[in-house]
Amino acid sequence: MSDILTQLHNGQLLIINSRKRNGLILFKSFHAEFAGPGAAIGGMFDRDCRDILPVGDLSLLKAANDDERQKAYRIRRQWIRLTQQITDNPSPAERVKTILQQFNNYFETETVELLPNDAFALLVGVLPQTVGRIRRTMARS
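Predicted model, so just to flag it, every value in this text is computed and none were measured. (Residues numbered from 1 in each chain as written. Predicted model: local features only at pLDDT ≥ 70, side-chain atom pairs only at ≥ 80, totals over all residues. Heavy atoms only, no water.)

Colleague: I'd like a description of the packing of aromatic side chains, backed by residues and values.
Modeller: Using the criterion set out here, one finds eight aromatic pairs in the structure. Relative to F107, the ring of F34 lies with its centre 6.1 Å away and its plane at 85°, an arrangement referred to as edge-to-face. Of the two residues, F34 is situated in strand β3 (residues 32-35) and F107 in the loop between α3 (92-106) and α4 (109-114); the sequence distance between them amounts to 73 residues. Judged by its relative accessible area of 5%, F34 is buried. The exposure class assigned to F107 is buried, which follows from its relative accessible area of 6%. A ring pair is formed by Y106 and F107, whose centres lie 5.1 Å apart and whose planes are at 85°; its orientation type is edge-to-face. Since its relative accessible area comes to 28%, Y106 is described here as partly exposed. Grouped by ring-pair contacts, the aromatic residues F34, W79, F103, Y106, F107 and F120 constitute a single cluster. The positively charged end of R21 is found above the aromatic ring belonging to Y106, 5.0 Å away from the centroid. (Phe/Tyr/Trp six-rings, centres within 6.5 Å; stacked < 30°, edge-to-face > 60°. Helix = DSSP H or I, 4+ residues; strand = E, 2+ residues; numbered from the N terminus. Buried < 20%, exposed > 50% of the residue type's maximum accessible area, 1.4 Å probe, protein only. Lys NZ or Arg CZ within 6 Å of the ring centre and 35° of its normal.)

Colleague: Could you give an account of the sheet that holds strand β4 (residues 40-42), naming the residues involved and the relevant values?
Modeller: Here we have three strands laid out as an open sheet, ordered β4-β1-β6, and antiparallel in their pairing. Two strands in the sheet have a free side with no partner beyond their single neighbour: β4 and β6 (60-61). (Pairing = 2+ DSSP bridges.)

Colleague: Which residues make up the packing of α3 against helix α6 (residues 128-140), and what values do they have?
Modeller: Following both chains from N to C, one finds α3 and α6 inclined at 60°, their axes separated by 9 Å at the closest point. The two elements α3 and α6 cross, and the hand of that crossing is right-handed. Contacts between α3 and α6 involve P92, A93, V96, K97, L100 and Q101 from the former and T130, V131, I134, R135 and M138 from the latter. Per-class residue counts for the contact of α3 with α6 are seven nonpolar, two polar and two charged. (Axes fitted to C-alpha atoms, helices over the stretch in contact; angles between N-to-C directions. Left-handed = near helix turned anticlockwise from the far one by under 90°. Contact = heavy atoms within 4.5 Å. Nonpolar A, V, L, I, M, F, W, Y, C, P; charged D, E, K, R; others polar.)

Next up, the structure:
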């Protein structure tokens, strides 16, 4: 993973393989972003990335041409918009429920269970304890 982080810090542009259920959580100074299948990572946007967390069986590709890069940037923007729509909800509990449901709809349950509370907390702007509480509640229902 340190190789990928080095590539991001160097401004290399990569694309999350759109043919696999995979993605990358990018940890910034005060928040995290999720880049899912088809999304661009790197370039000038992720040089400030402090850490990364792969989701699923991470597969990265290099863009073959400008069209692929443009498409990957559009897809990254869509992933950011999805997360923003979730964070627009004023209720921390609802934000957590929604992000967990989104991840559970897309990834295997075992994959989502391995992701730490801190990662979800930074994605939707809540405390890690809130994520833990909601996870326990959702597991009981």
